[in-house]
Amino acid sequence: MATVFAAGIILYSSLWMYAVRRPVAPVELGFRSDYSENDHSLAILNVLRGSPAEKAGLQAADHILAVNGRSLESIQPIAELWFHSKPGDSVELAVERAGQPGPLILHATFRAAQPQSSAEGLARESASQVTRSYPVLFLVVGLAVFFLRVDDRNAWLLALLFAGFIAVPGPPTLFGTSPSFAALSPGLEVFAKAYRATFLGLFGALFYLFFALFPTRSSLERRLPWLKWVAFVLGACAALPSLRVGDVRAPAALAGLLGEHLASRVMLASSIYLFFGLGIVSLFGNARSIDSGVRRKTRVVLWGTIAGVLPAAAERAAVDFAGFRPPFWMDTTVILAVLLFPLSFAYAVVRHRVMEIPVLLKRSARYVLVQRGYFVLLFLAAATAIALFTHTISRFFPAGTNFGMALSAVFGIVLVWASAPMVKRGTERIDRAFFRSAYDARMILQDLAEKTRTVTNRSELARLLELHIEGALHPKSLVCYLAAGDGNLVAECGRAPRELDTIPAALPRPKFPFRFGARFVPRELDTIPATLPLLSELARRGRAWDVPPPGPDEAGELAPLAPECLVPILGRNSGLIGLLILGPRLSEEPYSGEDKQLLDSVASQAGVTLENIALAEKMAERMEAERRVAVEMDIARRVQARLFPQNLPPMKTLEYVGGCLQAREVGGDYYDFLDMGPGVLGIVLADISGKGMSGALLMANLQANLRSQYAVARDDLPRLLQSVNRLFCQNTTEESYTTMFFGLYDDSSRKLRYANCGHIAPLLLRVGGSIQRLTSTTTVLGLFLDWESPIEEVQLHPGDLLVICTDGVTEALNRQGDEYGEARFAEIIRENRDLPVNDLLAAIQAGVQEFSGGSQADDITLIVVRCR
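Here the residue numbers are simple positions, counted from 1 along each chain's written sequence. Where totals are concerned, whole chains, interfaces and linings use all residues; where local detail is concerned, this predicted model gives features only for residues with pLDDT of at least 70, and gives and counts side-chain atom pairs only at 80 or more. To obtain the side-chain values, all non-hydrogen atoms of the structure were included, while hydrogens and water were left out.

(A) A look at the environment of A462. Here A462 is to be found in helix α19 (residues 458-473). Sequence separation between A462 and V479 is 17 residues; the distance between their C-alpha atoms is 9.2 Å. Whether two residues touch is decided by their heavy atoms; if any such pair falls within 4.5 Å, the residues are in contact. Beyond its immediate stretch of four places on either side in the chain, A462 contacts C480, L482, E492 and C493. Numbering goes from the N terminus for both helices and strands, where a helix is a DSSP run of H or I of at least four residues and a strand is a run of E of at least two.

This is the structure in structure tokens:
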């Protein structure tokens, strides 16, 4: 954003300086004139003899109201027509003449512009060149501060304010210069007009906003914080209608109410002059602040504003509201005075550190001068090269064309691109020449910040921090503590001061040297609590902290390590997850502000790395746990699959099949075919409460109970069911139960004796097409010890079809929340009744899955039986 913004300001400034130096239009009519803002007309001062204007009948004192049918709301229609016409082109003039009842229509023919001898002396020409370079100082100061503090709100406000100052001169003129953007290509003309309209319309708002917030909030801003938004709304109302003309215009509604002339004056007064005055009030208020720091930062800017801006504002007000035409030297003096404003800021920044401009290496004024001088020299060299190239190439193109300017722009881009490596090498040489040790320290710590991203464990990170910080800053001692997860910080690596090589008798000596250090850390300091008051204060500060040496009466918890600089390593929640304790430097120099900034940067990166390592460890643990669960579930799935019948007892009069599509790896649905003796088959389908592993365990319990006693079923089915119910009640929790259909089929008689224990009624599709439901004969198993099960009997005939299912079929839901239901279940059985039992089972399962859109919330378990 900063680069794009700066490019826009530089482009506009370049276009403006080009326009004011642009040669005269290629054509003329031969008259001198003056544009009148009051009645939007061009007053004719005199007409040259023999000129096209005289031949067309134009006279002195005439007023041109329109050219080629376009009214003169500004000077732009005339400028555009003159710059875009060729000798021999005709023009229609609507002229107002004294004594005539209405406008006269005159037709004239352009001739080539006649060369004019310059009547300006050396002093006047020099002054003109200075005024035509008006934006340069605003660019240099504004963009220098801007890019040095690009993350600072005040730097942005200053750059925006200077962009507004750059937009002030132009048609209509403030300082006597009258650049015509009509000389530019259409695209550049649109940009220049839009830029000027935007920043000129918002100039008052930007001026007020800057001094309302800088260097601190003014009393006016504190009392009326909404005032700045009013300023921007009025500024936008002035800017938006003006984008195509490049000047302040009133909205159409206001112009229709008050008239164009009065409405424009009202917009100028309300959007620019009113808030310009309020900005001055805010500046004076801060200059009288009780805060000495605020007064110091405001004093120089105040005098620069009084001496530079107020005279220009007074002259502009006289031009806008009284029609005053300032003479050349008065206008030039005002322009030179305005340049005191950016100069006062430059002085305040350098002398009084108004914007707190950071200098990476602050130890030598000579370094600052050489470095800044190097950049100024490069800038001047580039500007000179571009100017010489432009001057040379412009000779090969006719006047009025923009092709030469386009080539100059391309040349400038190529020059910047080609000189970038040289600029970088020169900067590095200057850094090394003045402060090699500081430069090396910065490079070492920057390299550390890059390498911390690649470490994979805490010990590696601690070792990396130790090696790089020692190589960069050479502390006498360094200990790195990292959080252990129990509220304590554990020393991972480092070394204590030399004084601790000889440990007092009162302290227990460690049995072995500390991990990586040449010396060791006392055992009592191997682990320290993160809740120490000193560390709590350090975490609250959140940056490297110079710790004063403890007094004779306060040893301090960390005193044995002789700390001079504590660097906190903070997590995302601003909690202390690590600590670097640096002793005094071998050079006995204090840790500079730059050293602490770089240490803070390293600690910030180390904090991110530590949290990433912890996250990776947790993810690895979770992945291992999930892998183990997946293995166990796979084993359980295979075991449960073996619990389903593997072999089907042969029956002469019965075809049958069962199948289960589980919603999870394991489930609670259970079906079985029990061989009860020759010609007798037990058919079981149960749906156990619960899903997943709990349901699977209950299913295994039920199967074990049934298979251990099913021999009883042939002679006494109720007794078997009562026994299963009792065991289920005893072996499971109170909320566990199961629904079950148990049937005994006799091959010789084709009779089916059954008990339906709260299960979904199986559907018996007769040969004739009727459906019989085998409804419940008793309640569910597992809830009541006192439980009985009556037995029902049904006769099957060849061709009859019996389908038994769990609620995973009938209660399957689609995306709209509708259930599959028994009606659809019966319909799909009818449609596919002639299929083999295996195919019919597959068709029902596929139909349920298609209905539910591929999502399955419960097991789909079926038994299909056909009598033959």
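Having seen the structure, we can now continue with the description.
(B) Main features of the packing of helix α1 (residues 2-21) against helix α5 (residues 135-148). In contact at an axis separation of 11 Å, α1 and α5 are set at 175 degrees when each is read in the N-to-C sense. Classed by the angle they form, the pair α1 and α5 counts as roughly antiparallel. Along the contact surface, α1 presents A2, T3, F5, A6, I9, I10, S13, W16 and M17, while α5 presents P135, V136, L139, L143, F146 and F147. Each residue receives one of three labels: charged for Asp, Glu, Lys and Arg, nonpolar for Ala, Val, Leu, Ile, Met, Phe, Trp, Tyr, Cys and Pro, and polar for the others, Gly being one of them. Each residue belonging to the contact of α1 with α5 can be placed in one class, and the counts come to 13 nonpolar, two polar and no charged. To get an axis, fit a line to the C-alpha atoms, keeping to the stretch in contact for a helix; angles then go from 0 to 180 degrees between the N-to-C directions. For this classification, under 35 degrees means roughly parallel, over 145 means roughly antiparallel, 65 to 115 means roughly perpendicular, and everything else is oblique.

(C) Seen up close, the environment of A812. Considering the arrangement of structural elements, one finds A812 in the loop between α24 (807-810) and α25 (821-831). Taking relative accessible area as the criterion, A812 reaches 11% and is therefore assigned buried. In the structure, A812 is positioned 47 residues away from D859 in sequence and 9.6 Å away in space, judged by C-alpha atoms. Leave out the neighbours within four places in its chain, and A812 touches D807, D818, E819, Y820, V848 and F851. Between buried and exposed lies partly exposed: a residue is buried under 20% and exposed over 50% of the maximum accessible area for its type, with that area taken using a 1.4 Å probe on protein chains only.

(D) Local environment of the side chain of R766. Mapped onto the elements of the fold, R766 is located in the loop between β20 (763-765) and β21 (771-773). Discounting chain neighbours no more than four positions away, the residues touching R766 are Q772, V794, Q795, L796, H797, D800 and R833.

(E) Region of interest: the pairing of strand β17 (residues 680-688). Counting buried residues in β17 gives nine out of nine residues, a clear majority hidden from the surface. Side chains of β17 alternate between two faces, with V680, G682, V684, A686 and I688 and L681, I683, L685 and D687 buried alike. Pairing geometry for strand β16 (residues 669-675) and β17, over seven bridges, is antiparallel. Considered in β17, the bridge of L674 is made with G682. Here, any two strands with at least 2 DSSP bridges between them count as paired. In this antiparallel pair of consecutive strands, β16 and β17, the connection spans four residues, and G677 shows a positive phi of 120 degrees. As defined by bridge partners, β17 adjoins strand β18 (residues 738-746) across nine bridges and the pair is classed as antiparallel. For A686, the partnering residue across the bridge sits in β18 and is M740.

(F) Focus on the nonpolar core. Throughout, nonpolar core names a set of buried Ala, Val, Leu, Ile, Met, Phe, Trp, Tyr and Cys residues whose side chains join them through atoms within 4.5 Å. Of all hydrophobic cores here, the largest spans 69 residues; its most connected members are F138, F165, F341 and F345. Not counting residues within four places of it along the chain, the set of residues in contact with F138 comprises L143, F162, F165, I166, V338, L339, F341 and P342. Grouped together as the second largest cluster of nonpolar side chains are 47 residues, Y656, Y671, L681 and A755 included.

(G) Layout of the sheet that holds β18. Pairing within the open sheet is antiparallel, and its five strands lie in the order β16-β17-β18-β19-β22. The sheet terminates laterally at β16 and β22 (792-795), the two strands that pair on one side only. Strand-to-strand, the axes of this sheet are offset by a mean angle of 20 degrees, without reference to chain direction. Across seven bridges, β18 lies against strand β19 (residues 751-757) in antiparallel orientation. Looking across to β19, one finds that F741 is bridged to N756.

(H) Layout of the sheet that holds strand β23 (residues 801-805). Taken together, five strands build an open sheet; the order of strands is β15-β24-β23-β20-β21 and the sheet is antiparallel. The open sheet has two edge strands with one neighbour each: β15 (654-661) and β21. Mean inter-strand twist for the sheet, computed between neighbouring axes without regard to direction, equals 15 degrees. In this structure, β23 lies alongside strand β24 (residues 860-867), joined through five bridges in antiparallel fashion.

(I) Highlighting the pairing of β15. In terms of burial, β15 is a largely internal element, six of the eight residues being buried. Bridging between β15 and β24 involves eight bridges; their strand directions are antiparallel. Bridge pairing links V657 to V864 in β24.

(J) Up close: α5. Here a helix's expected span is defined as the number of its residues, less one, multiplied by 1.5 Å. Between its terminal C-alpha atoms α5 stretches 20 Å, which fits the 20 Å expected from 14 residues at 1.5 Å a residue. Here α5 has its buried residues at P135, F138, L139, V141, G142, L143, V145 and F146.

(K) Spotlight on the packing of aromatic side chains. In this analysis, rings of Phe, Tyr and Trp, with Trp reduced to its six-membered ring, are considered paired at centre separations within 6.5 Å, and the interplanar angle assigns stacked below 30 degrees, edge-to-face beyond 60, and tilted for intermediate values. Counting across every chain of the model gives 25 aromatic pairs. Plain terms: the ring middles of Y12 and Y195 are 4.2 Å apart, the flat faces sit at 20 degrees to each other, and that makes the pair stacked. With Y12 in helix α1 and Y195 in helix α7 (residues 186-201), the pair connects residues that are 183 residues apart, well separated along the chain. Classification of Y12 by relative accessible area gives buried; the value is 0%.

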